[in-house]
Amino acid sequence: MSDPRESSSGESGPGESGRGESGRGESGRGMSGVQEPDKVVILDRDGTIVIDRGYLDDPRGLEFGPQAAEGLHWLHSQGYRLVVITNQSGIGRGYFTIERLEAMNARLTAMVEESGARLAGIYYCPHAPEAACDCRKPAQGLLRRAAAELGFDPAAAVVIGDKESDIEFGRRAGATTILIAAEAPPAGSGARADFVAPNLMAAARVAASACARRAGPR
Ligand SMILES: [Mg+2]
Ligand SMILES: [Zn+2]
């Protein structure tokens, strides 16, 4: 049903989820040294990288959350590939268009590059919850696609998000999960994250130590 060809001009049909987009200015940017295939961090967008403005439809409204630019830069400098996977049901609900989201993706890509990092891809689900698609987090469709296109093992990735659905999304994949939250949620509430961090920089440090522990001594 969905056409796998590149759809950067925004001609995606309504039944189709967003295509991963390699960051602009891909060539010659990398200062990050050798990238190991499984050093991958999957990031939610709203409330994780940028301030959650609720169905944001304007690229100018994108603003890094506390310590987010620093966290992205640091992860990039440590050789992690950064992949955004985001639910954007504002499209399916008719609040804004795919073209609008593509403009926001371009702005986000530029902001991340200004911070000294780079996104390996932005994947989005445009559907309303009622569509029961296979790409709205916590469903695994976008993660499967990212893993296939970028070549990594989802179970070896770290998933960072600010909602229970992000944590459930990561857990289903067998990934390490980090919840961004000002304080730890009460015990026994919903999907349990492996770690809780107050901002993206703190989460980045946690991600790296979790990966190092998983990799073990060489
Ligand atoms: Mg979020
Ligand atoms: Zn979807």
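These remarks concern the structure in this document. (Residues numbered from 1 in each chain as written. Chains lettered and ligands numbered in written order. Predicted model: local features only at pLDDT ≥ 70, side-chain atom pairs only at ≥ 80, totals over all residues.)

1. Some remarks on the pairing of strand β3 (residues 119-125)
With respect to burial, β3 is a largely interior element, 7 of its 7 residues being buried. Across 6 bridges, the pairing between strand β2 (residues 81-87) and β3 is parallel. Looking at the pairing, Val 84 lines up with Ile 122 of β3. With helix α2 (residues 98-114) bridging β2 and its parallel neighbour β3, the resulting β-α-β unit is right-handed. (Buried ≥ 20, exposed ≤ 12 C-beta atoms within 10 Å, placed from the backbone. Helix = DSSP H or I, 4+ residues; strand = E, 2+ residues; numbered from the N terminus. Pairing = 2+ DSSP bridges. Right-handed = clockwise from strand over helix to strand, strands pointing away.)

2. Thoughts on the packing of helix α1 (residues 68-77) against helix α5 (residues 200-215)
At their nearest, the axes of α1 and α5 sit 7 Å apart, and the two run at 25 degrees to each other. With respect to each other, α1 and α5 are oriented roughly parallel. For the pair α1 and α5, the contacting residues are Ala 68, Glu 70, Gly 71, Leu 72, Trp 74 and Leu 75 in the first and Leu 200, Met 201, Ala 203 and Ala 204 in the second. Per-class residue counts for the contact of α1 with α5 are 8 nonpolar, 1 polar and 1 charged. (Axes fitted to C-alpha atoms, helices over the stretch in contact; angles between N-to-C directions. Parallel < 35°, antiparallel > 145°, perpendicular 65-115°, else oblique. Contact = placed C-beta atoms within 7 Å. Nonpolar A, V, L, I, M, F, W, Y, C, P; charged D, E, K, R; others polar.)

3. What about the sheet that holds strand β4 (residues 158-161)?
Strand order in the open sheet formed by 6 strands is β3-β2-β1-β4-β5-β6, and the pairing between neighbours is parallel. Among the strands making up the open sheet, the edge pair consists of β3 and β6 (195-197). Here the strands of the sheet are splayed against their neighbours by 20 degrees on average, with no regard to which way each runs. Where helix α4 (residues 164-173) meets the sheet, its contacts fall on β4 and β5 (176-180), and the angle it forms with β4 comes to roughly 170 degrees.

4. Some details on unusual backbone geometry
Going from Lys 137 to Pro 138, the amide bond is cis rather than trans, its omega being 15 degrees. Along the polypeptide, Pro 138 turns up in the loop between β3 and α3 (141-150). With phi around 55 degrees, Tyr 55 is a residue other than glycine that occupies positive phi space. One can find Tyr 55 in the loop between β1 (40-43) and α1. With 13 C-beta atoms packed within 10 Å, Tyr 55 lands in the partly exposed category. The phi dihedral of Ala 132 falls on the positive side, at around 50 degrees, and the residue is not glycine.

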